[in-house]
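Structural characterization, general
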There are 2 protein chains.
Amino acid sequence: MSNLQDWKGARREAARAAIVAAAWDAVGEVGLSGLSIRDLAKRAGITTPTIYAYFSSKNDVYDAMFLQAAEDFERHMTAPASDPAPERALVEGARRFMEFCRADAPRYQLLFQRTIPGFEPSADAYAPAVRALEVARNLLASVGISDARSLDLWTALNTGLVDQQIANDPDGERWSSLLEDAVAMFLTHVRPRRSTTRSRNR
Amino acid sequence: MSNLQDWKGARREAARAAIVAAAWDAVGEVGLSGLSIRDLAKRAGITTPTIYAYFSSKNDVYDAMFLQAAEDFERHMTAPASDPAPERALVEGARRFMEFCRADAPRYQLLFQRTIPGFEPSADAYAPAVRALEVARNLLASVGISDARSLDLWTALNTGLVDQQIANDPDGERWSSLLEDAVAMFLTHVRPRRSTTRSRNR
DNA sequence: GTCTATAGCTGGATAGAC
DNA sequence: GTCTATCCAGCTATAGAC
């Protein structure tokens, strides 16, 4: 019996995933806030009421998109670093963030800019994004930075570079090429000096 | 005759301004992309067709809002600095940018985030914003920074702080309190060392 | 210029047959 | 679960009287 329920649940999840995939197609063309249920149904090859068999509302569709985006984000950011040296891993983390955001502008808008009136992601959908921020915290800790202000400065620096890149030079490298330089600037500023006494920052 | 035309033109501009003012009221409540001509007319105390006596389309209303916002931005950023010391003026410029953006979230969204599908500001509306960027360029030049990469890093740092502040702590000071620190970080990193020979950077 | 009235459409969401 | 058919609200924009 459990098998049957699993099977039905999997079918349902597959159908939901197909609709969400069509939704990403749609927002890629008409913009994030231009998503409409009718158009979505057409793209998914079904009819309007069928959408409501899988989602309770349009915002529920947005929420499923948010969840998927947040899971992708977590996966993207938690992949093992290619270089074990902490400083290089930090640069790689910043670059990964840039690349993830640039790869899909509507996804970036949904995840990081709050721009759809009336939509707030559910706690479940939000959770993976929170876990991904933990990655940044750990990366910074590995280079000796653990205070909250420095973490905030780090996120500001990263989102600023991404924001300018996407808004003003979506197909170039004008800001992404500054990334290495920006990380160096950040590290020089916030990293505790190599202390003479071993007990510092303990 | 010219007097009559001026008078009529002024009347027309006043009527347009009143509609734009009502539009700012509206977007403050329903969100930038939630603006509707009907609601706007109601708020302005007129009827729908009258809107079209002053604006050719909904995007034309957005364009007038953009122009006004860009003019306000230019005024806000070009006001004389309270402290003539270049470093202090730079910090003040950054703080002005933060305060201007925080003061009105929909205005920030319209001016700096491109989030309304199908709307692009006209060149006329955009011009004041470009002139305001010149202020940043001049401020940086006054502390000896004139390369394009540093200017880009400066804008990224500023927008990043603002973005995080608005998105994640709209009523607090979590990122705006980092501003002074961030400027110090930036200056240490990009400012040419005080050279022993006077001819450097000449 | 401003109104009433409405065209013409598209939106989210649902009823009920199958 | 999926469909046809549809409700009803909202939208942008316009026609035409005054």
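Residues numbered from 1 in each chain as written. Chains lettered and ligands numbered in written order. Predicted model: local features only at pLDDT ≥ 70, side-chain atom pairs only at ≥ 80, totals over all residues. Heavy atoms only, no water.

Some details on the side chain of Asp152 of chain A
Put simply, the rule is: Strands are runs of DSSP state E lasting at least two residues, helices are runs of H or I lasting at least four, and both sets are numbered from the N terminus onward. Exposed residues in this analysis have more than 50% of their type's maximum accessible area, buried residues have under 20%, and partly exposed residues fall in between, with area computed by a 1.4 Å probe over protein chains only. Under the rule applied, a polar contact is a pair of N or O atoms within 3.5 Å (in protein, one hydrogen donor and one hydrogen acceptor; residues adjacent in sequence only if both atoms are side-chain atoms). Whether two residues are in contact is decided by their heavy atoms: any pair within 4.5 Å suffices.
Turning to its location among the elements, Asp152 of chain A is positioned in helix 8 (residues 148–168). Classification of Asp152 of chain A as buried rests on a relative accessible area of 6%. Of note is the side chain of Asp152 of chain A, whose polar atom sits 2.8 Å from the side chain of Arg174 of chain B. If we ignore the near neighbours within four places in the chain, the residues touching Asp152 of chain A are Arg174, Trp175 and Leu178 of chain B.

A few points about the packing of aromatic side chains
Aromatic ring pairs: the centre-centre distance and the angle between the two ring planes describe each pair. Filter applied, for reference: Between rings of Phe, Tyr and Trp, where Trp is taken as its six-membered ring, a pair exists when centres lie within 6.5 Å; planes separated by under 30 degrees are stacked, by over 60 edge-to-face, and by other angles tilted. Two conditions define a charge located above a ring, namely a distance within 6 Å from the ring centre to NZ of Lys or CZ of Arg, and an angle within 35 degrees of the ring normal.
For the structure on display, the rule yields 18 aromatic pairs over all chains. Seen in terms of ring centroids, Phe73 of chain B and Phe112 of chain B are 5.2 Å apart; in terms of plane orientation they differ by 80°. Their pairing is edge-to-face. With a gap of 39 residues between them, Phe73 of chain B in helix 4 (residues 58–78) and Phe112 of chain B in helix 6 (residues 105–112) connect regions that are remote in the sequence. Given a relative accessible area of 25%, Phe112 of chain B falls into the partly exposed group. Stacked on the ring of Phe100 of chain A, the Lys or Arg Arg107 of chain A has its end atom at 3.6 Å from the ring centre.

Re helix 2 (residues 37–44) of chain B
Residues and elements named next belong to chain B. Put simply, the rule is: For this quantity, the arc is that covered by the directions from the helix axis to the C-beta atoms.
Taken together, the buried positions of helix 2 are occupied by Ile37, Leu40 and Ala41. The arc enclosing the buried residues of helix 2, seen along the axis, measures out at 100°, which places them on a common side. Opposite its buried face, helix 2 presents the exposed residues Arg38 and Lys42, each directed more than 90 degrees away. Looking one or two places after helix 2, you find Gly45, whose phi comes out positive at around 75°.

Some thoughts on the interface of chain A and chain B
Where the parts come together, the accessible area they lose is often given as the size of the interface. This is how the line gets drawn: Simply put, the buried area is the total loss of 1.4 Å probe accessible area from both parts when two parts are fitted together. Should a side-chain nitrogen of Lys or Arg be within 4 Å of a carboxyl oxygen of Asp or Glu, the pair is scored as a salt bridge.
Every contact between the two is made by 28 residues of chain A and, on the other side, 27 residues of chain B. Interface of chain A and chain B: buried area, both sides summed, is about 2600 Å²; carbon and sulfur atoms make up 54% of it. Where chain A meets chain B, there are two salt bridges. Between Arg174 of chain A and Asp152 of chain B there is a salt bridge whose closest N-O contact spans 2.8 Å. Where chain A meets chain B, there are eleven residue pairs in polar contact (both at pLDDT 80 or more).

Points about the confidence of the model for chain A
All names here are of chain A. Definition in use: In predicted models, pLDDT denotes the confidence assigned by the predictor to each residue on a 0 to 100 scale.
Averaged over all residues, the pLDDT of chain A is 93; the fraction at 70 or higher stands at 94%. When mean pLDDT is compared element by element in chain A, helix 4 (residues 58–78) scores highest at 98, while helix 1 (residues 2–30) scores lowest at 90. Low confidence marks residues 198–202, where pLDDT is under 50. Its contacts with residues over four positions away, or in another chain, come to three contacts.

With respect to the relation of the copies chain A and chain B
Short version of the rule: Alignment of the copies relies on least squares applied to C-alpha atoms, considering only residues that score at least 70 for pLDDT in both.
The transformation that overlays chain A on chain B combines an axial shift of 0.1 Å with a rotation of 180°, and the residual RMSD is 0.1 Å. Read as a symmetry element, the transformation amounts to a two-fold axis. Taking C-alpha positions as reference, the residue of chain A nearest the rotation axis is Gly160 of chain A, located at 1.7 Å.

Remarks on the protein's contact with DNA strand C
Rules: Any residue with a heavy atom lying within 4 Å of a molecule or strand is counted as near it.
If you check the shell around DNA strand C, you find 16 residues, and the closest are Ile37, Arg38 and Tyr52 of chain A together with Thr50 and Tyr54 of chain B. Sugar and phosphate atoms represent 49% of those atoms of DNA strand C found within 4 Å of the protein. Separating a phosphate oxygen of DNA strand C from a side-chain N or O atom of Tyr52 of chain A is a distance of 2.7 Å. Only helix 2 (37–44) and helix 3 (48–54) of chain A together with helix 3 (48–54) of chain B provide two or more residues apiece to the surface near DNA strand C.

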